[in-house]
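Architecture at a glance
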Amino acid sequence: MAKKFILQGITGDSHLDEIRDAISVQDISRVVISVAFLTERGFGLLSDILKPIADKTVILAGIRNGITSAQGLLACVECGCKTYAVDTGSRGIVFHPKIYLGKSDQEARLVLGSANLTVGGLNSNIEASLKVVADMEVADEAALVADLEGKIDAMIADFPAHVVEVTTLEQLQLLLMAGRLIDESVKPAPSPSRSSGDRKLDAVPQMKLEKKKLKFTAVAPIGGDIKPAAPDAPAEDAPAQAVVEAPVSGAPASDHLKLVWESKALTRRALNIPTGVNTARTGSMLFAKGAFSDIDQKHYFRDTVFAELDWQHDDAIKKEHLERSKAKFRIIIKDVNYGVFEMALTHDSRTDSPAYKQNNSMTQLHWGDVLPLVALEDLLDRTMFLYRDDKQPGLFVIEID
């Protein structure tokens, strides 16, 4: 029995490569995939190799966990795989096994470890597994594979109320409506359970891991008119050091937040990190297109994102074209809540300036008291997300991770 230890992210090993190899056994007779979390993008990394053998493939994925998506299970069904949703009926009990098995009469390849059927599990996260190649003509090796299959098959048979085969879009729509699956087309809003008043205590940079560069198209909403159930509002978080206190010091309920902008990799310019001792800080960041490639950056931020704010023209001579406003922003960095701060915004309303004619951004955010939180090198190359709270006008969330 050949064995290999996989440590994805730290070494050059990739679960994507190893699992694709495991389900490429010649004359394959069965594939079993069991995971806690499954997404459309994760399944898409294996769909091409699974499609020709879909009639031989069984997939089990946990639900009621806030990660497995309706789109992911639908992709499995549409591929032709026999697909089961595993629901323990409790938040405190998680269906968690990660198993990838490809077998023929002569050979079985098994990857057993921590990798879910998600982009993170197959490529981006630090994940560990053991890969085993079993000779099915050796009795004890064949017995191990048979034991694995037997126990999975027994679980399906013994828990019919909890291990349910999914075959239709309507089933998935109902699971989505019940809140037992997520809609992968909607980015979840941040809801940190931790808070801090001292940003300098967390200067840990993002780990530079070995991973493939993958490209994805946007995930489409699940078909039909049925919407996912709105989650309960999170509990009030701990007090945070900020210029604004209650009633907005508690984290806004995530179902109130709408993602209105996502940056590209953050630069020194955006974060106001000096490149040298003589570099002057502007104290502000222009809102460019970022990852929202289809927006008109000249107007989108002033007329859509911040449209409901109280904008006033500057009354200084030669600055009348500048519109000024203020808004409250909750600052969440690396899943830590630093509180709510009032920050200023400026929009250049001129339509005849060189910047406007060159389709440049016309709206900027002034960091003010938030500058010490963001002008730190551990945030370089991360992504910034801007959310608008649709139930509390004038309140926004900036998340950097």
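Cut-offs and rules
Residues numbered from 1 in each chain as written. Predicted model: local features only at pLDDT ≥ 70, side-chain atom pairs only at ≥ 80, totals over all residues. Heavy atoms only, no water. Buried < 20%, exposed > 50% of the residue type's maximum accessible area, 1.4 Å probe, protein only. Helix = DSSP H or I, 4+ residues; strand = E, 2+ residues; numbered from the N terminus. Pairing = 2+ DSSP bridges. 1 Å grid on protein atoms, 1.4 Å probe; cavity = no way out; pocket = protein on both sides within 12 Å on 5 of 7 lines; lining within 4 Å. Points joined across faces, edges and corners; volume = space filled by probe spheres on them. Nonpolar A, V, L, I, M, F, W, Y, C, P; charged D, E, K, R; others polar. Polar contact = N/O pair within 3.5 Å; in protein donor to acceptor, adjacent residues only side chain to side chain. Arc of directions from axis to C-beta. Contact = heavy atoms within 4.5 Å. Core = buried A, V, L, I, M, F, W, Y, C linked by side-chain atoms within 4.5 Å. Salt bridge = Lys/Arg side-chain N within 4 Å of Asp/Glu carboxyl O. pLDDT = per-residue confidence, 0-100. Phe/Tyr/Trp six-rings, centres within 6.5 Å; stacked < 30°, edge-to-face > 60°.

Considering the pairing of strand S5 (residues 99-103)
Taking burial as the measure, the five residues of S5 include five buried ones, the bulk of the element. Both faces of S5 are covered, namely the face carrying Ile-99, Leu-101 and Lys-103 and the face carrying Tyr-100 and Gly-102. Note that strand S2 (residues 30-35) and S5 share five bridges and pair antiparallel. Its bridge partner being in S5, Arg-30 is matched across the sheet by Lys-103. Here S5 runs beside strand S6 (residues 107-113); their pairing, made up of five bridges, is antiparallel. When the sheet's bridge partners are listed, Ile-99 is paired in S6 with Leu-112. The turn joining S5 and S6, which pair antiparallel and follow one another in sequence, is formed by three residues.

Let's talk about empty space enclosed by the protein
Inspection of every chain in the model, using the stated rule, returns one cavity of 30 Å³ or more. Forming the boundary of the largest cavity are Met-1, Ala-108, Leu-110, Val-132, Ala-134, Leu-144, Val-145 and Leu-148. At three residues, the largest contribution of residues to the lining of the largest cavity is made by helix H6 (residues 139-158). Counted by class, the lining of the largest cavity contains eight nonpolar, no polar and no charged residues.

A word on the environment of Arg-194
By the element assignment, Arg-194 lies in strand S9 (residues 194-195). Given a relative accessible area of 40%, Arg-194 falls into the partly exposed group. Separated by 174 residues in the primary sequence, Arg-194 and Arg-20 place their C-alpha atoms 38 Å from one another. Here Ser-193 takes part through its side chain, which lies 2.9 Å from a polar atom of the side chain of Arg-194.

Some points on unusual backbone geometry
Most peptide bonds are trans, and most residues other than glycine sit at a negative phi. Unusually for a residue other than glycine, Asp-27 sits at a positive phi of about 55°. By the secondary structure assignment, Asp-27 is in the loop between helix H1 (15-22) and S2. For Asp-27, a relative accessible area of 60% corresponds to the exposed category. Even without being glycine, Lys-334 reaches a positive phi, approximately 55°.

Section: H1
Turning to H1, its buried residues number three or more, namely His-15, Leu-16, Glu-18, Ile-19 and Ala-22. End-on, the buried residues of H1 take up no more than an arc of 165°, which puts them together on one face. Structurally, H1 contributes buried residues whose contacts are with strand S1 (2-8), S5, S6, helix H5 (119-124) and strand S7 (127-135). Between the side-chain oxygen at the start of H1 and the backbone nitrogen of Leu-16 there is a gap of 3.2 Å, and the oxygen is on Ser-14.

Concerning the nonpolar core
If you look at the biggest cluster of nonpolar residues, it comprises 41 residues, and the most contacted ones within it are Phe-43, Leu-50 and Leu-117. The set of elements that each furnish at least two residues to this core consists of H1, S2, helix H3 (47-50), strand S3 (57-62), helix H4 (70-79), H5 and helix H7 (169-177). Among the elements that take part in this core, H4 stands out by supplying seven residues, more than any other. Excluding anything up to four places from it in sequence, Phe-43 contacts Leu-50, Ile-59, Ala-75, Cys-76, Cys-79, Cys-81 and Leu-117. One finds Trp-261, Phe-329, Ala-375 and Leu-386 within the second-largest nonpolar core, a separate group that totals 39 residues.

Quick look at the pattern of salt bridges
Applying the stated rule across the entire model yields 27 salt bridges. One salt bridge in this structure joins Glu-18 and Lys-131, with 2.9 Å as the shortest N-O distance. Placement of Glu-18 in helix H1 and of Lys-131 in strand S7 is noted, with a sequence separation of 113 residues between them. The pair formed by Glu-18 and Lys-131 is uniform in burial state, with each residue classed as buried. Arg-20 serves as the salt-bridge partner of Asp-48, at 2.9 Å between the closest nitrogen and oxygen. Of this pair, Asp-48 sits in helix H3 while Arg-20 sits in helix H1; the two residues are 28 residues apart in sequence, bridging distant segments of the chain.

Looking at the confidence of the model for the chain
In this model, the chain carries a mean pLDDT of 90, and residues with pLDDT of at least 70 account for 91%. Confidence drops under pLDDT 50 across residues 225-253; counting only partners more than four residues distant or on other chains, this segment forms 63 contacts.

Brief notes about the layout of surface pockets
Roughly 2,600 Å³ of volume is contained in the largest pocket. Lining the largest pocket we find 50 residues, and of these Arg-41, Lys-187, Glu-262, Thr-383 and Phe-385 sit closest to its centre. At the level of secondary structure, the elements contributing two or more residues to the lining of the largest pocket comprise H5 and strand S10 (257-262). Counting residues per element, the lining of the largest pocket draws most heavily on H5, which supplies four residues. A class-by-class count of the residues in the lining of the largest pocket yields 21 nonpolar, 14 polar and 15 charged.

A few points about the packing of aromatic side chains
For the structure shown, the criterion picks out eight aromatic pairs. Taking 6.3 Å as the distance between ring centres and 65° as the angle between the ring planes, the aromatic pair formed by Phe-306 and Phe-329 counts as edge-to-face. Highlighted residues: Phe-306 in the loop between helix H9 (300-305) and strand S12 (312-313) and Phe-329 in strand S13 (residues 322-333), separated in sequence by 23 residues. The exposure class of Phe-306 is buried, given its relative accessible area of 0%. A residue is classified by how much of its surface remains accessible, and Phe-329, at 0% relative accessible area, is buried. When the centroid spacing of 5.4 Å and the interplanar angle of 25° are considered together, the rings of Phe-329 and Phe-396 count as stacked. Separated by 67 residues along the polypeptide, Phe-329 in strand S13 and Phe-396 in strand S17 (residues 395-400) bring together distant segments of the chain. Pair check on accessibility: Phe-329 and Phe-396 agree, each one buried.

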